[in-house]
Amino acid sequence: MPAALNAAAYAAAIASMVLCSAIDDGCSAATASHLLQRQSRMLRIAQVPALAAQPLRHIHWLHFPKAGTSFLATIWNFACGQRIPLDLAVSPRAVPGCEQCYDVALLDRYPAETYCEDGYLSEDFSTQHKPVTALDMRQKDWSVVGLFRRPSQRLISAFYDNLHASGMSGDEFSDLWQACGAKGENSAACYARYPGIAGCTARMLTGGSCAESAADRSLLSSFDGGKARLEEALKMVKEMTFLGLTEEWDLSVCLFHRMFGGSVSAAQLDELYDEAQLAGFIDEVDEEIYEAASKRFHELLRLHVGDLNICDTLVQQATRMTEEPAGTAVQSACDCASIGRQCGVSQGLSCGQCPGKRLDFDGLGPANLTCDVSGQCLVDGQPRPKLFDWKF
């Protein structure tokens, strides 16, 4: 850290710059039986001084399933919210059948072509679970960023997300469901051991899908859990522009902004599963990759953060702000729900555009969506009570 900005001075700077926060999407209520811990919150803090901000352009998100979709809030705030703050605490209810789709809902409110700065995102930017390769990264000048999650935790989370298996064919997924779903063993251990599941991060770091289809293996080879891709995957970990750890969410967001500057607006969802559900199964390849990612993460922390009190102060101030009663002057300053807006700009805060995908919840077809001067969404000139409310 620069000599002129010691930990105490930095703490004072952060304390003076805290703007607002919002909390609670309902996930911190009763803890499910398969969870040891579940907590969620939304933090928003003003400009964070970077230790030595480096240009970050052509961002490409390597989004491992169940590693933290809400990291998109950090990317979007950096790439799209520097001119005017965005309220990124959007409801994840994007469209019928996709009611926990934070990424889809966020882009419906704040589409990249309208809100993001030119050149900040890669031309191929996607929120979906698409793989990367070293060749793509070099030829397309991608700045690859992503979060890694402990493999055992990621596997259990994927099991509870309807046996997530991106990459398998429909017939293969049906077989997986019959074996390990509600009609089969109905266990995370069965899911983790099923051919094609282990080694997700190894495959996605080397151009493959998270779940391996049998069609991608020769008739003479058996499923190897990603072992053949391990060496290349470990090289990619070293080449990524930024990486964080889901288990170290606050530090990861802090590190991102210490490396690249910008303001903080990060949704967080921490889940801790009882790993006994895996009945001793270890995803050996992805564990080795996670160990390498963790090592690099802590190296980046030492290089770009140094004194972790800096990040502690940021989180403490944000947490304190989440305890502000709803409707207070502090919260109302940057909370679209508190100021009663569904869209548009007010009080230096953008509430985005009217989310058109929500029309499907009312069975409406294509319509003319407009935002009136009071920040209410109109469908063909008429209001639709509650359909476009912030806490939908």
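Below or above, wherever it landed, is the structure these notes cover. Computed from a prediction, not measured in an experiment: that's the story for all the values here.

**Quick word on the packing of helix α11 (residues 249-260) against helix α12 (residues 284-304)**
No. 1: Where α11 contacts α12, the two axes come as close as 10 Å, and the packing angle between them is 50°. Between α11 and α12, the interaxial angle falls into the category oblique. By crossing handedness, the relation of α11 to α12 is classed as left-handed. Taking contact as the criterion, the partners of Leu 251, Ser 252, Leu 255, Arg 258 and Met 259 in α11 are, on α12, Phe 297, Leu 300, Leu 301 and His 304.

**Details of the pattern of salt bridges**
No. 1: Under the criterion given, the structure shown has nine salt bridges.
No. 2: With its nearest N and O atoms 2.1 Å apart, the salt bridge here joins Glu 275 to Arg 150. Here Glu 275 is found in the loop between β6 (263-273) and α12, whereas its partner Arg 150 is found in the loop between β4 (143-148) and α6 (151-160), with 125 residues between them in sequence.
No. 3: For Glu 275, a relative accessible area of 29% corresponds to the partly exposed category.
No. 4: One salt-bridge network, held together by shared partners, links Asp 124, Asp 136 and Lys 140.

**As for the pairing of strand β5 (residues 242-245)**
No. 1: Where burial is concerned, the two faces of β5 agree: the one with Phe 242 and Gly 244 and the one with Leu 243 and Leu 245 are both buried.
No. 2: As judged from the four bridges shared by β4 and β5, these two strands associate in the parallel manner. Note that in β5 the partner of Val 145 across the bridge is Phe 242.

**Focus on the packing of helix α2 (residues 72-80) against helix α3 (residues 102-109)**
No. 1: Close contact between α2 and α3 brings their axes to 11 Å; oriented N to C, the two are set at 20°. With respect to their mutual orientation, α2 and α3 come out roughly parallel. With respect to the hand of their crossing, α2 and α3 are arranged in right-handed fashion. The residues of α3 that touch α2, namely those facing Leu 72, Ala 73 and Trp 76, are Tyr 102, Asp 103, Leu 106 and Leu 107.
No. 2: For the contact of α2 with α3, the per-class residue count stands at six nonpolar, no polar and one charged.

**What about unusual backbone geometry?**
No. 1: Although it is not a glycine, His 58 adopts a positive phi angle of roughly 55°.
No. 2: With relative accessibility at 29%, the residue His 58 sits in the partly exposed group.
No. 3: Its identity as a non-glycine residue notwithstanding, Asn 186 has a phi of 55°, on the positive side.
No. 4: Mapped onto the secondary structure, Asn 186 falls in the loop between α7 (170-180) and α8 (188-193).
No. 5: The exposure class of Asn 186 is partly exposed, given its relative accessible area of 45%.

**Some remarks on the nonpolar core**
No. 1: Counting residues in each nonpolar core, the largest one holds 72 residues, and the members touching the most others are Phe 71, Ile 75, Trp 76, Tyr 110, Phe 148, Leu 205 and Ile 289.
No. 2: Counting residues per element, this core draws most heavily on α11, which supplies eight residues.
No. 3: Ignoring sequence-local partners within four residues, the contact set of Leu 205 consists of Leu 62, Phe 64, Val 132, Thr 133, Phe 148, Ala 233, Met 236, Val 237, Met 240 and Ile 289.
No. 4: Judged by nonpolar contacts, the second largest core, of 19 residues, contains Leu 155, Phe 159, Leu 176 and Ile 197.

**Overview of the state of the cysteines**
No. 1: Throughout the structure, instances matching the rule amount to seven disulfides.
No. 2: The disulfide bridge from Cys 354 ends at Cys 377, spanning 2.2 Å between sulfur atoms. In this structure the cystine formed by Cys 354 and Cys 377 twists about its S-S bond by roughly -105°; its chirality is therefore left-handed. One end of the pair, Cys 354, is in the loop between β8 (349-350) and β9 (369-371); the other, Cys 377, is in strand β10 (residues 377-379), with 23 residues separating them in the sequence. By the burial criterion, Cys 354 is buried, and Cys 377 matches it.

**Thoughts on the layout of surface pockets**
No. 1: Considering only enclosed or pocket space, the second largest pocket measures out at about 200 Å³ in volume.
No. 2: For the lining of the second largest pocket, the elements supplying multiple residues, two or more each, are α10 (230-239) and α12.
No. 3: At six residues, the largest contribution of residues to the lining of the second largest pocket is made by α12.
No. 4: Per-class residue counts for the lining of the second largest pocket are three nonpolar, no polar and six charged.

The rules behind these values
Residues numbered from 1 in each chain as written. Predicted model: local features only at pLDDT ≥ 70, side-chain atom pairs only at ≥ 80, totals over all residues. Heavy atoms only, no water. Axes fitted to C-alpha atoms, helices over the stretch in contact; angles between N-to-C directions. Helix = DSSP H or I, 4+ residues; strand = E, 2+ residues; numbered from the N terminus. Parallel < 35°, antiparallel > 145°, perpendicular 65-115°, else oblique. Left-handed = near helix turned anticlockwise from the far one by under 90°. Contact = heavy atoms within 4.5 Å. Salt bridge = Lys/Arg side-chain N within 4 Å of Asp/Glu carboxyl O. Buried < 20%, exposed > 50% of the residue type's maximum accessible area, 1.4 Å probe, protein only. Pairing = 2+ DSSP bridges. Nonpolar A, V, L, I, M, F, W, Y, C, P; charged D, E, K, R; others polar. Core = buried A, V, L, I, M, F, W, Y, C linked by side-chain atoms within 4.5 Å. Disulfide = S-S within 2.5 Å. 1 Å grid on protein atoms, 1.4 Å probe; cavity = no way out; pocket = protein on both sides within 12 Å on 5 of 7 lines; lining within 4 Å. Points joined across faces, edges and corners; volume = space filled by probe spheres on them.

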